[in-house]
Amino acid sequence: RGLGDVYKAANKTLTDTDKINEIIKLTRKNGYSFDNEENEEGIVCFGAAILGGSGLPVASVSVSVPTFRLKKDKSYYWQPLLLKCAQISKELGFI
């Protein structure tokens, strides 16, 4: 399905709908997303959903990191993010 016009916030902003759909599939598979300077140059972001009792997203959490501080092992960021989102989701009734 088409996304319409996509605003290009930075040089690395994805505007190709096929690529965006690939990223959405990867996000669903991994449970988190990664923004590689797509919104602001020099900033990367990791994000994950908080699920309610129905299993649908009710909120999200993101962590932004300046690229000059970014650790090579990105699991340093996404693993604690996923764990915390899972904990909150469980508290909201998602098993």
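In case you missed it, the structure is sitting above this.
Residues numbered from 1 in each chain as written. Predicted model: local features only at pLDDT ≥ 70, side-chain atom pairs only at ≥ 80, totals over all residues. Heavy atoms only, no water.

S.K.: Where do I start with the nonpolar core in this structure?
M.R.: Residues Tyr32, Val44, Phe46, Ala48, Ile50, Val65, Tyr77, Leu81 and Cys85 constitute the largest nonpolar core, which totals 9 residues. The set of elements that each furnish at least two residues to this core consists of strand S2 (43–51) and helix H2 (75–91). In terms of residue count, the dominant contributor to this core is S2 (4 residues). Setting aside anything within four residues of it in sequence, one finds leucine 81 in contact with Phe46, Gly47, Ala48, Val61 and Val63. (Core = buried A, V, L, I, M, F, W, Y, C linked by side-chain atoms within 4.5 Å. Buried < 20%, exposed > 50% of the residue type's maximum accessible area, 1.4 Å probe, protein only. Helix = DSSP H or I, 4+ residues; strand = E, 2+ residues; numbered from the N terminus. Contact = heavy atoms within 4.5 Å.)

S.K.: Could you clarify how one ought to interpret the pairing of strand S3 (residues 57–66) in this entry?
M.R.: A regular strand carries its side chains on alternate faces of the sheet. Summarising the sheet, S2 and S3 pair through 9 bridges and their orientation is antiparallel. Of the residues in S3, the one forming a bridge with alanine 48 is valine 61. Between S2 and S3, which follow one another and run antiparallel, lie 5 residues, and glycine 55 among them has a positive phi close to 90°. (Pairing = 2+ DSSP bridges.)

S.K.: How do you make sense of the pattern of salt bridges when you look at a structure like this?
M.R.: Following the criterion strictly, the structure yields 1 salt bridge and no others. Across the salt bridge formed by glutamate 37 and lysine 12, the nearest N and O atoms sit 3.0 Å from each other. Of this pair, glutamate 37 sits in the loop between strand S1 (33–36) and S2 while lysine 12 sits in the segment before helix H1 (17–30), and the two are 25 residues apart along the sequence. Exposure remark for glutamate 37: the relative accessible area of 16% places this residue in the buried category. The exposure class of lysine 12 is partly exposed, given its relative accessible area of 43%. (Salt bridge = Lys/Arg side-chain N within 4 Å of Asp/Glu carboxyl O.)

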